[in-house]
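Spelled out from the first residue to the last, the chains are:
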Amino acid sequence: MTSLQDTTIRSATISVLVENEAGVLARVVGLFSGRGYNIDSLTVAPVEGDGGRSRINIVTSGTTMVIEQIKAQLDRLVPVHRVADLTQDGPHIAREMALIKVVGTGMNRTEALRLADAFRARVVDATIESFVFEMTGQTDKLDAFIDVLRPLGLAEVSRTGIAAIARGKRGF
Amino acid sequence: MSTITSSAPAKPAATEEMEAGAEVLLRALKEQGVEVIFGYPGGAVLPIYDAIFQQNAIRHVLVRHEQAAVHAAEGYARSTGKVGCVLVTSGPGATNAVTGLLDALMDSIPLVCLTGQVPTHLIGNDAFQEADTTGITRPATKHNYLVKKAEDLARVVHEAFYVAKSGRPGPVVIDLPKDILIGRAPYTPKPETLHRSYRPQTAPDAVQIARAVAALKGAKRPIIYSGGGVINAGPAASELLIKLVRTSGFPITSTLMGLGAYPSNDDKFLGMLGMHGTYEANLAMHGCDVMLNVGARFDDRVTGRLNAFSIGSTKIHIDIDPSSINKNVPVDIAIVGDARQALEAILEAWDADTTTQDAGALADWWAQINRWQSIKCLKYTQTHEKGGIIKPQYAIERLYQLTREHEAKTGQQTFISTEVGQHQMWAAQYFRFDQPNRWMTSGGLGTMGYGLPAAMGMQVANPGALCIDISGEASFMMNMQEMATLTQYRLPVKVFILNNQYMGMVRQWQELLHGSRYSESYSEALPDFVKLAEAFNGTGMRATSVDQLDDVIRAMIAAPGPVIADICVDQKENCFPMIPSGAAHNDMILGPEHDSKLSDGSGLTDAGMALV
């Protein structure tokens, strides 16, 4: 374990496998707000058939002591099956999807399309004065793409927050 | 996590007879061993009250306010080790119960609270007496349920009892819509399978135990710091704690919640620690080289200023709740598990380990502790002149001695509850508990109005015992309506009021931190407590001078019914020693009896004033 006295703030991607029952997300979110922890991003969806279990991915930040505390607090919630700190437990993949709307005509429009190609974003909707791009990638890649579109008529962004999983054969 | 088949809602056998939901509920409660429910009826729970009327196995105690129902169930649970059971109606019934639920959560008391709810089709419609009970109680309970389907009812009740008493105990709410109670529901018995997700670790890790024993054996200045977890682990845990102290020769201190787990009169016991703990306990914590925390949680009332808390010591922490470990204080050796099992493992490993203790260092440490003890930090001066004013500390000491004599003579056991404030701290300091489950106080939440209903619950659980609520006049008035409950059920609870006509602890803080500006802390327009007792068909008595005290206490103990004893005490007395908020363990303020060099008040800081 890294030193609990370390006061540097680190980011942590935490996955929580929960029983898919009413109120479980409220319990998790309430725990963060009630105890003053940060949520930088949160996703939740069922991951087993017939509504058995859901997976919540949370990106949070804090000192080592706070992150250890977050994990322990999550783990003691009754409907929680398992908590994993993907950032600490080993290499992992985190991906996020964004839908990005650009409105404009002329040069800006062609430039936006050219950049989308460079960033490997897909056009999922087009009119003569707008595009909607779909892009999947790491959070910082999405941030970079959104930044370059800003002067080109960026109108609206909708992001999913990250889904994350450990690399290799290691299971949850 | 091991692969155990999930205990999905069992489908009822087709042949099984369906009963009304309320009857299924009572059947499940009976199977869980419930003998008493503390409750208050209302529209949404009428079907349950109808079912209660038609059976005799479960007794119902009608309280006068829902908060009191929860505290009574806490008193019942803490004095017996069983799960307490509460029944309240929807809306205001449920919201009135919230304070009690949070109190039980903070102090780890196992409860199941049944709340009525409007019928499922009305939920969310702002119906009459509707409240989002699961939403409101989510942060005030260990877990809660809303039963939306009849086939879930029995399973949820069984699960609620399991969750309430497993791991770190706590309160569980079951919200019951009225249509579920009226409609037919199948019965499912207590499941044999493990819970699908909640399986707290109770067995300690052997490697950590070995590390702990090595640290303990090598200790030169050790201290054991025990808490409510030892009480919750059952009387056997207290026995093992005593054995560990006997084996090791270590000094031991206790939190407010842990009092009674180790006999207070033993010479190894340094008294309570923390904000109003003893000088020797706090300095021993400050100066130790190895600390063994058994079932306590490094609460801010105990640690004082964190960055000055027992610097450099090796800290071993036994707790059943992993989130208690490394929450406030980083520890060196973490042992997740039940206190009884962990103490057992430590004692076994201790015997197996062949290293010998450093007897010389331990003797030096005890010599140091004895020097700290010699200042007698709990000293006070009581006049014995006729008409002399009663010191509150003396009132508690006499109560202790006279109940002890009574117990020796009659075998009647004494159970004590308190309200919150100065009287609570004096009770903790001067009433010498020597058994677990005899002391009930609101530690974590600090709920004024806890003591009287808690004493009521203790008396219901222990009909032959002497149950005393050590109270203050302000706290008592927060739940004094329960005097009517005492009379109705002939519960001979004794209320021992240390009446100083102030919210004493508020007044003390105002004196020390706010220039003696006693803003709103004076108990104006107090009732005549003797007449009040009589109005409730109890007995009232009063002592205004020291020569009357023993007679009043004796009469109180001897009275067959409920009593209010109004003990008029010195209004100006403060509770010492005191570590002000934000100060370190060695920045203690001692009482007026002591050398000012030891109590210069240097711990009082502006930063500390901002703390509670």
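If you're wondering where the values come from, they're calculated on a predicted model, not measured in any experiment.

### Some details on the overall build of chain B
Each helix and strand counted, chain B has 23 helices and 20 strands in total. The C-alpha radius of gyration computed for chain B amounts to 25 Å, which stays within 12% of the reference 25 Å derived for 612 residues, consistent with globular compactness. By its C-alpha atoms, chain B is 75 × 65 × 50 Å across when sized along the principal axes. The 612 residues of chain B split such that 61% are buried. Within chain B, contacts between residues at least 6 apart in sequence are counted, and of these 76% link residues at least 24 apart. If you sum the accessible surface of chain B, you get close to 23100 Å²; carbon and sulfur atoms cover 53% of it.

### A closer look at the domain arrangement of chain A
Residue and element names in this part refer to chain A. Domain parsing of chain A yields domain 1 (4-90) and domain 2 (93-165). Summarising the inter-unit geometry, the C-alpha centres of domain 1 and domain 2 are found 29 Å apart. Taken together, the contacts link 9 residues of domain 1 with 6 residues of domain 2. Between domain 1 and domain 2 lies a buried interface of about 470 Å² when both sides are counted; carbon and sulfur atoms form 60% of it. Along the contact surface separating domain 1 from domain 2 lie 0 salt bridges. Connecting domain 1 to domain 2 are 3 residue pairs in polar contact (both at pLDDT 80 or more). At the level of secondary structure, the elements contributing two or more residues to the side of domain 1 that touches domain 2 comprise β1 (10-19), β2 (41-46) and β3 (53-62). For the side of domain 1 that touches domain 2, the per-class residue count stands at 3 nonpolar, 5 polar and 1 charged.

### Looking at the pattern of salt bridges
Residues and elements named next belong to chain B. One pass over the structure, following the stated rule, counts 35 salt bridges over all chains. For Glu573, the salt bridge identified is with Lys391, shortest N-O distance 2.6 Å. Residue Glu573 is found in the loop between β20 (563-568) and α23 (606-609), and its partner Lys391 is found in the loop between α14 (359-373) and α15 (392-410); the two are separated by 182 residues along the sequence. Neither Glu573 nor Lys391 differs from the other in exposure class; each is buried.

### Some thoughts on the sheet that holds β1 of chain A
All names here are of chain A. A sheet is described by the order of its strands in space; here 4 strands give the open sequence β2-β3-β1-β4, paired in antiparallel fashion. Single-partner strands in this sheet number two, and they are β2 and β4 (80-85). For this sheet the average axis-to-axis angle between neighbouring strands, irrespective of direction, equals 15 degrees. Note: β1 against β3, 10 bridges, orientation antiparallel. Among the inter-strand pairings, Glu19 is bridged to a residue of β3, identified as Arg53. Those strands touched by helix α1 (residues 24-35) are β1, β2 and β3, and its axis lies near 10 degrees from that of β3.

### Regarding unusual backbone geometry
All names here are of chain B. In this structure, the amide linkage connecting Phe576 to the following residue, Pro577, adopts the cis form with an omega of -5 degrees. Relative to the elements of secondary structure, Pro577 occurs in the loop between β20 and α23. In this structure, Gln501 is a non-glycine residue whose phi angle is positive, near 60 degrees. Within the secondary structure layout, Gln501 lies in the loop between β18 (494-499) and α20 (504-513). Among the residues examined, Gln501 registers a relative accessible area of 28% and is labelled partly exposed. Even without being a glycine, Glu520 presents a positive backbone phi close to 60 degrees. By secondary structure assignment, the location of Glu520 is in the loop between α20 and α21 (529-535).

### Digging into the nonpolar core
Residues and elements named next belong to chain B. Residues Ile224, Leu241, Leu292, Val294, Ile316, Phe496 and Ile567 are the most contacted members of the largest nonpolar core, which totals 111 residues. Excluding its chain neighbours within four sequence positions, the residues that come into contact with Ile316 are Ala212, Ala215, Leu216, Val290, Met291, Leu292, Asn293, Ile333 and Ile335. Grouped together as the second largest cluster of nonpolar side chains are 42 residues, Tyr76, Cys113, Leu491 and Val493 included.

### Brief notes about a nonpolar patch on the surface
Residues Leu25, Val29, Ile39 and Val44 of chain A make up a contiguous nonpolar surface patch of roughly 260 Å² in combined accessible area. In this fold, Val29 of chain A is placed in helix α1.

### Focus: the sheet that holds strand β15 (residues 414-418) of chain B
Residue and element names in this part refer to chain B. If you walk across this open sheet you meet the 6 strands as β16-β15-β17-β18-β20-β19, and the pairing is parallel. The sheet is open, and its two borders are formed by β16 (439-440) and β19 (539-543), each paired with just one other strand. The pairing of strand β17 (residues 466-472) with β18 spans 5 bridges and is parallel. Its bridge partner being in β18, Ser471 is matched across the sheet by Ile497.

### A few points about the packing of helix α1 (residues 21-31) of chain B against helix α6 (residues 153-165) of chain B
Each pair of packed helices can be described by the angle between their axes along with the distance between the axes. Residue and element names in this part refer to chain B. Look at α1 against α6: their axes get within 9 Å of each other, and the N-to-C directions meet at 30 degrees. Compared by their axis directions, α1 and α6 come out roughly parallel. Here α1 runs over α6; the crossing is right-handed. Along its contact with α1, which presents Gly21, Val24, Leu25, Ala28, Leu29 and Glu31, the element α6 presents Leu153, Ala154, Val157, His158 and Phe161. Looking at the contact of α1 with α6 residue by residue, the classes come out as 8 nonpolar, 2 polar and 1 charged.

### Considerations on the packing of aromatic side chains
Both the distance between ring centres and the angle between the ring planes are used here to describe each pair of aromatic rings. Tallied over the entire structure, the rule returns 18 aromatic pairs over all chains. Taking 6.1 Å as the distance between ring centres and 65 degrees as the angle between the ring planes, the aromatic pair formed by Phe38 of chain B and Tyr76 of chain B counts as edge-to-face. Of this pair, Phe38 of chain B sits in strand β2 (residues 36-39) while Tyr76 of chain B sits in helix α3 (residues 66-80), and the two are 38 residues apart along the sequence. Grouping aromatic residues by their ring pairs yields a cluster made of Phe119, Phe131, Phe133 and Phe145 of chain A. For Arg109 of chain A, the ring lying beneath its charged end belongs to Phe131 of chain A, and the centroid distance is 4.3 Å. A cation sits over an aromatic face here: Arg438 of chain B above Phe415 of chain B, 5.2 Å from the ring centre.

### Notes on empty space enclosed by the protein
All names here are of chain B. The full count for this structure, using the stated rule, is 3 cavities of 30 Å³ or more. Within this model, the largest cavity holds a volume of roughly 50 Å³. Around the largest cavity sit Arg404, Thr414, Ile416, Phe431, Phe433, Asp434, Gln435 and Arg438, which together line it. By volume, the second largest cavity is sized at about 40 Å³. In this structure, the second largest cavity is lined by Trp509, Leu513, Met578, Pro580, Ser581, Gly603, Leu604, Thr605, Gly608 and Met609. At the level of elements, α20 and α23 are the ones that each hand at least two residues to the lining of the second largest cavity. Partitioned by chemical class, the residues of the lining of the second largest cavity number 6 nonpolar, 4 polar and no charged.

Basis of the calculations
Residues numbered from 1 in each chain as written. Chains lettered and ligands numbered in written order. Predicted model: local features only at pLDDT ≥ 70, side-chain atom pairs only at ≥ 80, totals over all residues. Heavy atoms only, no water. Helix = DSSP H or I, 4+ residues; strand = E, 2+ residues; numbered from the N terminus. Rg over C-alpha atoms; globule rule 2.2 N^0.38 Å. Buried < 20%, exposed > 50% of the residue type's maximum accessible area, 1.4 Å probe, protein only. Contact = heavy atoms within 4.5 Å. Areas by Shrake-Rupley, 256 points an atom, 1.4 Å probe, with all protein chains shown as cover. Domains from an automatic or database assignment. Buried area = accessible area lost by both parts, 1.4 Å probe. Salt bridge = Lys/Arg side-chain N within 4 Å of Asp/Glu carboxyl O. Polar contact = N/O pair within 3.5 Å; in protein donor to acceptor, adjacent residues only side chain to side chain. Nonpolar A, V, L, I, M, F, W, Y, C, P; charged D, E, K, R; others polar. Pairing = 2+ DSSP bridges. Axes fitted to C-alpha atoms, helices over the stretch in contact; angles between N-to-C directions. Core = buried A, V, L, I, M, F, W, Y, C linked by side-chain atoms within 4.5 Å. Patch = residues over 30% accessible without salt bridge, like charges linked within 9 Å, V, L, I, M, F, W, Y side chains within 5 Å. Parallel < 35°, antiparallel > 145°, perpendicular 65-115°, else oblique. Left-handed = near helix turned anticlockwise from the far one by under 90°. Phe/Tyr/Trp six-rings, centres within 6.5 Å; stacked < 30°, edge-to-face > 60°. Lys NZ or Arg CZ within 6 Å of the ring centre and 35° of its normal. 1 Å grid on protein atoms, 1.4 Å probe; cavity = no way out; pocket = protein on both sides within 12 Å on 5 of 7 lines; lining within 4 Å. Points joined across faces, edges and corners; volume = space filled by probe spheres on them.

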